[in-house]
Amino acid sequence: MAITKSRPGASAAAATNGKKKPSNGTVRPPDKELGTEIQRFGDVIDRPIKLDEDERSKSCDIMNGVLADTQILYALYKKHHWLMRGHTFYQLHLLLDKHAEEQQQLADDLAERIQKLGGIAVGDPRHVAELTDIPRPPDGAESVPAMLQRLLDAHELTIARVRDGIEKTDDGDDQGTNDLLVSQVLRTNETHVWYIAEHLVDTPVVDGMAAGD
Ligand SMILES: [Fe+2]
């Protein structure tokens, strides 16, 4: 009986029933699985957390609105971090980046809360743009005060949604979501408003009150 030498890769071919295995070791799923949803956006799956499906669904709807605004706030902060200019450039450049990082962390916390409730968190930026209340800024640069005012306006719209969510999750006994909205989302947004608003006070760099005034 002839002895045949096994070729390199022969056992891998056997393991995939003779189909050619890609060189990187991954196996491509059937094409029909791409684009086929196993859970639709807006649907919630079961979670054994003693909270009715109806309440979990309402919380997910509210939070996806807040999540969309938060992702836009993150993007606005980054845009304005890059476009900042003037004699307070360095300070604002750093501050806006810090706020961007904090908004990004909030987005992650909100998205993961939605998943904990059995929902689907909005993720794709084109979907985010459909759900946000915050208007699109011009593609170019505005004046520094206008860019700061735009951030304040975006916060105000976000905070309106957050406060509405706080009230509704309180009524719905969803304490976990309520706590996230109060302790993290609302408080962080209020702090950001404070820091940005203080840059829109009409105060000269050098104190204009000369001695004897
Ligand atoms: Fe940067």
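To be clear, the structure that these remarks concern was listed above.
Peer 1: Before we move on, can you summarise the pattern of salt bridges with the specific residues and values?
Peer 2: Per the stated rule, a full pass over the model turns up 13 salt bridges. With a shortest N-O distance of 3.3 Å, D133 and R161 are connected by a salt bridge. With D133 in the loop between α4 (125–131) and α5 (144–171) and R161 in helix α5, the pair connects residues that are 28 residues apart, well separated along the chain. Each of D54, E55 and K58 takes part in salt bridges that share partners, so that together they form one network.

Peer 1: An account of the nonpolar core is needed here, citing residue identities and associated values.
Peer 2: Generally speaking, soluble globular proteins have nonpolar side chains that are buried together. If you look at the biggest cluster of nonpolar residues, it comprises 40 residues, and the most contacted ones within it are L67, L110 and V185. Going through the elements one at a time, α2 (53–83), α3 (89–116), α5 and α6 (175–197) are the ones with two or more residues in this core. Filtering out sequence-adjacent residues up to four positions away, V185 remains in contact with V66, L106, L110, V162 and L180.

Peer 1: Just give me the short version of the side chain of H155, but keep the residues and values in it.
Peer 2: Tracing the chain through its elements places H155 in helix α5. Taking the relative accessible area as the measure of exposure, H155 reaches 0% and is therefore buried. If we ignore the near neighbours within four places in the chain, the residues touching H155 are L73, Y77, Q103, N189, H192 and V193.

Peer 1: Could you give an account of α5, naming the residues involved and the relevant values?
Peer 2: Its 28 residues give α5 an end-to-end C-alpha distance of 41 Å, which sits within 8% of 40 Å, the value for a rise of 1.5 Å per residue. Looking at the residues trailing α5, positive phi occurs at D173, about 60°.

Peer 1: Please give an account of a negative patch on the surface that cites residues and values.
Peer 2: A cluster of acidic side chains, namely E37, D43, D46, D52 and E53, defines a negative patch on the protein surface. Position of D43 among the secondary structure elements: in the loop between α1 (10–15) and α2.

Peer 1: Can you lay out unusual backbone geometry for me, pointing to particular residues and giving the numbers?
Peer 2: Non-glycine residue K50 carries a positive phi angle of around 55°. Looking at the element boundaries, K50 is found in the loop between α1 and α2.

Peer 1: Got a sec to walk through the side chain of D69? Specific residues and values, please.
Peer 2: For D69, the location among the structural elements is in helix α2. The class for D69 is buried, based on a relative accessible area of 0%. The residues contacting D69, other than those within four sequence positions of it, are T132, D133, I134, L157, T158 and R161.

Peer 1: Help me get a handle on the packing of α3 against α6, residues and values and all.
Peer 2: Look at α3 against α6: their axes get within 11 Å of each other, and the N-to-C directions meet at 165°. Relative to α6, the element α3 is oriented roughly antiparallel. As α3 packs across α6, the resulting crossing turns out to be left-handed. Facing α3, whose interface residues are L95, L96, H99, E102, Q103, L106, D109, L110 and R113, α6 presents G176, T177, L180, L181, Q184, V185, T188, N189, H192, Y195 and I196.

Peer 1: Pulling in residues and values, what's your account of the packing of α2 against α3?
Peer 2: The N-to-C vectors of α2 and α3 enclose an angle of 160°; their axes lie 8 Å apart at closest approach. On the basis of their axis angle, the class for α2 and α3 is roughly antiparallel. Seen from above, α2 lies across α3 with left-handed handedness. Split into classes, the residues belonging to the contact of α2 with α3 amount to 14 nonpolar, nine polar and three charged.

Peer 1: How would you sum up the packing of aromatic side chains? Please name residues and give values.
Peer 2: Scanning all chains against the criterion turns up one aromatic pair. A centroid spacing of 5.1 Å and a plane angle of 70° characterise the contact between W194 and Y195, whose relative ring orientation is edge-to-face.

What counts as what
- Residues numbered from 1 in each chain as written.
- Predicted model: local features only at pLDDT ≥ 70, side-chain atom pairs only at ≥ 80, totals over all residues.
- Heavy atoms only, no water.
- Salt bridge = Lys/Arg side-chain N within 4 Å of Asp/Glu carboxyl O.
- Helix = DSSP H or I, 4+ residues; strand = E, 2+ residues; numbered from the N terminus.
- Core = buried A, V, L, I, M, F, W, Y, C linked by side-chain atoms within 4.5 Å.
- Buried < 20%, exposed > 50% of the residue type's maximum accessible area, 1.4 Å probe, protein only.
- Contact = heavy atoms within 4.5 Å.
- Expected span 1.5 Å × (residues − 1).
- Patch = residues over 30% accessible without salt bridge, like charges linked within 9 Å, V, L, I, M, F, W, Y side chains within 5 Å.
- Areas by Shrake-Rupley, 256 points an atom, 1.4 Å probe, with all protein chains shown as cover.
- Lys, Arg positive; Asp, Glu negative; His and termini not counted.
- Charge placed at Lys NZ, Arg CZ, Asp CG, Glu CD.
- Axes fitted to C-alpha atoms, helices over the stretch in contact; angles between N-to-C directions.
- Parallel < 35°, antiparallel > 145°, perpendicular 65-115°, else oblique.
- Left-handed = near helix turned anticlockwise from the far one by under 90°.
- Nonpolar A, V, L, I, M, F, W, Y, C, P; charged D, E, K, R; others polar.
- Phe/Tyr/Trp six-rings, centres within 6.5 Å; stacked < 30°, edge-to-face > 60°.

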